[in-house]
Amino acid sequence: MDQTFLSQSNVKVKTLVGILCALGTICIWASWMAVTRLGVTTNLSVLDITFLRFGVAGVLLFPVIIKHGFGFKKLGVIQYIILVLGAGASYTLVAASGLAFAPASHAGVLIPGVMPLFVALLSAFFFKETFNKQRKTGYSMILIGLFIIAGVSSLLTETSYLLGHALMLTASLMWASYTIVLRHSQLEALHAVAIVSVCSFLLYLPFYFYLNGLSILDISVGTLLIQAIFQGVIATILALYLFGKAISLLGASKGASFGALVPVFAALIAIPVLNEWPTYIDWIGILVVTLGVYLASGSRLRRVN
């Protein structure tokens, strides 16, 4: 059999698997908005959601800490604190609180959608990083989309989501800070998530039981299992694995470009799960941010001949 044909076939298979992994990742990220909002607006509190996420992930990822350690030597004190706070229990508390006060479709824009803009601003300020015209255009579009969602949409619907939007943007900045530290550290992705999860578990567990006691046992087993599996396994561990696989198979630029679909997917998933229908102004903001994130990822725009 022709070796060229086999080589091309292998490339196609790897690309297909990479695309499927990327789509799986963004589906999980987008679903997290809807599933978390469903939890915090029905049976569970923000404290419960955070406990289930890191209670499960912290236990499951503890063997990684046993094997690789807590990573104190690879990070300074400040970077270590940013890593744990930026993606740990504090991040989940802020993001989930935002979802208690504003729709999941807004979260898709204001958390993962705006995050690349925060990363760029932090990189430019601390590391003097520069960006080409395409990426600057992308960041500008993200800013315009932010204005549409947080400003125009709220004014036209006469509904104030100010607190929810502020919390979502804070969560976005926290995750951007985590991303910057992770990018400049020597930590592997799984090790970093293990550090965040185990530290959050150890620090948050006493705080949670002090405030809530054993009240979580009053919640139905079905609800707890769904949220525990989704928050601790799917959203924390599986999403990380799929994202890392997508990056390795597609490359950083192509893999990151799929993140542009998160705002759209978050809005679409919220419709059947939460019965939340974005307004036409929301859709405009979502689409503007989607294109902005794609451009900001550095992916090339192909010319149609």
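See the structure printed just above.
The present account deals with the structure reproduced in this document. Here the residue index of a chain counts from 1 through its sequence in written order. For this predicted model, a pLDDT threshold of at least 70 governs which residues receive local features, and a threshold of 80 or more governs which side-chain atom pairs are given and counted, while totals over whole chains, interfaces and linings are taken from all residues. With hydrogens and water excluded, all non-hydrogen atoms of the structure serve as input to the side-chain values.

### Some remarks on the packing of aromatic side chains
Any aromatic ring pair is given by two values, namely how distant the centres are and how the planes are angled relative to each other.
At step 1: Ring pairs shown here join Phe, Tyr and Trp side chains whose ring centres sit within 6.5 Å, with only the six-membered ring taken for Trp; geometry is labelled stacked below 30 degrees between planes, edge-to-face above 60, and tilted in between. Applying the stated rule across the entire model yields 12 aromatic pairs.
At step 2: Each ring, one from Tyr91 and one from Trp175, has its centre 5.1 Å from the other, and the planes form 50°; the classification is tilted. Here Tyr91, found in helix 5 (residues 89-101), pairs with Trp175, found in helix 9 (residues 162-183); they are 84 residues apart in sequence, far enough to count as distant.
At step 3: Ring centres 5.0 Å apart and planes at 50° place the aromatic pair Trp175 and Tyr178 in the tilted group. Taken together, the residues Trp175 and Tyr178, both in helix 9 and 3 residues apart, mark about one turn of the helix.
At step 4: Exposure categories follow from relative accessible area, calculated using a 1.4 Å probe and restricted to protein chains: below 20% of the type maximum is buried, above 50% is exposed, and the middle band is partly exposed. Under the relative-accessibility criterion, Trp175 is labelled partly exposed at 27%.
At step 5: Ring-pair connections join several aromatic residues into one group, and the members of that group are Phe51, Tyr204, Phe207, Tyr208 and Phe209. A run of DSSP states H or I qualifies as a helix once it reaches four residues; a run of E qualifies as a strand once it reaches two. Both are numbered from the N-terminal end.

### Describing the packing of helix 4 (residues 77-87) against helix 9
The axes of two packed helices give the description: the angle between them and the distance between them.
At step 1: Angles here are taken between N-to-C directions and fall from 0 to 180 degrees, while the axes themselves are lines fitted to C-alpha atoms, restricted in helices to the stretch in contact. Between helix 4 and helix 9, the shortest axis-to-axis distance is 8 Å and the interhelical angle comes to 135°. Compared by their axis directions, helix 4 and helix 9 come out oblique. As helix 4 runs across helix 9, the sense of the crossing is left-handed. In this structure, helix 4 contributes Gln79, Ile82, Leu83, Leu85, Gly86 and Ala87 to the contact, and helix 9 contributes Met174, Trp175, Ser177, Tyr178, Val181 and Leu182. Convention used here: angles under 35 degrees read as roughly parallel, angles over 145 as roughly antiparallel, angles from 65 to 115 as roughly perpendicular, and any remaining angle as oblique. The crossing is said to be left-handed when, going from far helix to near helix, the turn is anticlockwise and less than a right angle, and right-handed when the turn is clockwise. In this description, contact between two residues means that some pair of their heavy atoms is separated by no more than 4.5 Å.

### Some words on the state of the cysteines
At step 1: When the sulfur atoms of two cysteines come within 2.5 Å, that pair is taken as a disulfide. Inspection of every chain in the model, using the stated rule, returns 0 disulfides.
At step 2: Its sulfur unpaired, Cys21 is 12 Å from the next cysteine sulfur, which belongs to Cys27.
At step 3: By relative accessible area, which is 10% here, Cys21 ends up buried.

### Here we look at the side chain of Ser31
At step 1: When you line up the elements, Ser31 lands in helix 1 (residues 3-40).
At step 2: Beyond its immediate sequence surroundings of up to four residues, Ser31 is in contact with Phe230 and Ile269.

### What about helix 7 (residues 115-127)?
At step 1: With 13 residues, helix 7 should cover 18 Å at 1.5 Å per step; its first-to-last C-alpha distance of 17 Å lies within 8% of that length.
At step 2: In the stretch just after helix 7, Lys128 is the one whose phi turns positive, near 55°. Here the expected length of a helix is defined as 1.5 Å per residue gap, with one fewer gap than residues.

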